[in-house]
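Analysis of the macromolecular model
Below, each chain spelled out in residue letters.
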Amino acid sequence: EEGLHKVQQACEAGRPYALAFVDVRMPPGWDGVETIARIWKDYPELQVVICTAHSDYSWEEMIRQIGKSDSMVVLKKPFDNIEVLQLAHALTEKWTLNQELKHRLNCLDQLVSQRTTELQTTNDQLRIANDRLKLEIAERMQTEKALRLSEERFSKAFRASPIPLAIQSLKEEKFVDSNQGFQDLTGFAREELLGHTPEQLRIWGDLDDGTTLIRKLHTQMSIRNLPRKLRTRSGELRETLMSAELFELDNEPFILTIAQDITEQIKLEN
């Protein structure tokens, strides 16, 4: 209730929050899911990170109670400080871009509405308003272009990251993208990965590891630092820590996989 009050005060002051970290278990009173549902009724644009060490709710139960998932991610305890900072930065940047785009589109919509009214006057005014409307359409196209450029920057960041990253479709479990780090780790070229499942490429050291990971994602929505053996293209087994996160793209579920190679670290420890 105090959190809801703070969000309401911030909105009334014209300085709304961009991001909130919400614990699932907060006795007595509302739990985290109910708190988020009540906050989103007043301010649905708030980005939310649900923090939990327990699987109190399944993903389907959360969506049924809250109503949406595009502004929410789940962070499992214990936390890694760097991961939390990166997550906070990315979600805040997403909120900022959405606010800027919403503001620009609202301004353009108001201008278009105003110009449409002016079109109902004289023929001269019609010609002038039509010219202005063309300019506003060009501005809207510039805004959409800026959004596309922003998506391209995110894509470049994915490819340039030194951390091995890969994206799979949840439905077919096939790779749809990978960065150079993941290709170097597995020994497969990007063309060899795309359109194939890890099982088809025999990437998992244990054939049941892939099935176990997908099953965990269906119940937990995210996985952090799960020890797994990866088999490279040459047949070498590498010790890794696997992390995975569910996300939506064009209303389709996908899996972002992060692999940390700890083979040399384990050798040194041994």
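Quick note: structure is the one above.
The present account deals with the structure reproduced in this document. This one's a predicted model, so the numbers in the text were calculated from it and none came from an experiment.

In the structure shown here, the tally under the stated rule is two aromatic pairs. Seen in terms of ring centroids, Phe 175 and Phe 182 are 5.7 Å apart; in terms of plane orientation they differ by 55°. Their pairing is tilted. Judged by relative accessible area, which is 4%, Phe 182 ranks as buried.

On to the layout of surface pockets. Computed from the structure, the second largest pocket encloses a volume of approximately 340 Å³. Together, 17 residues line the second largest pocket, and Glu 1, Glu 2, Gly 3, Thr 35 and Ile 39 are the ones closest to its centre. Among the elements of the structure, α1 (2-12), β1 (19-23) and α2 (32-42) are those that each provide at least two residues to the lining of the second largest pocket. Among the residues making up the lining of the second largest pocket, the classes are represented as 10 nonpolar, three polar and four charged.

Counting residues in each nonpolar core, the largest one holds 23 residues, and the members touching the most others are Ile 36, Trp 40, Leu 46, Val 48, Ile 50 and Met 62. Counting residues per element, the ones that place at least two in this core are α1, β1, α2, β2 (47-52), α3 (59-66) and β3 (72-76). With four residues, α2 is the largest single contributor of residues to this core. Setting aside its immediate chain neighbours within four residues, Ile 50 contacts Val 22, Val 24, Ile 36, Met 62, Met 72, Val 73, Val 74 and Leu 75.

So, how was this worked out
- Residues numbered from 1 in each chain as written.
- Predicted model: local features only at pLDDT ≥ 70, side-chain atom pairs only at ≥ 80, totals over all residues.
- Heavy atoms only, no water.
- Phe/Tyr/Trp six-rings, centres within 6.5 Å; stacked < 30°, edge-to-face > 60°.
- Buried < 20%, exposed > 50% of the residue type's maximum accessible area, 1.4 Å probe, protein only.
- 1 Å grid on protein atoms, 1.4 Å probe; cavity = no way out; pocket = protein on both sides within 12 Å on 5 of 7 lines; lining within 4 Å.
- Points joined across faces, edges and corners; volume = space filled by probe spheres on them.
- Helix = DSSP H or I, 4+ residues; strand = E, 2+ residues; numbered from the N terminus.
- Nonpolar A, V, L, I, M, F, W, Y, C, P; charged D, E, K, R; others polar.
- Core = buried A, V, L, I, M, F, W, Y, C linked by side-chain atoms within 4.5 Å.
- Contact = heavy atoms within 4.5 Å.

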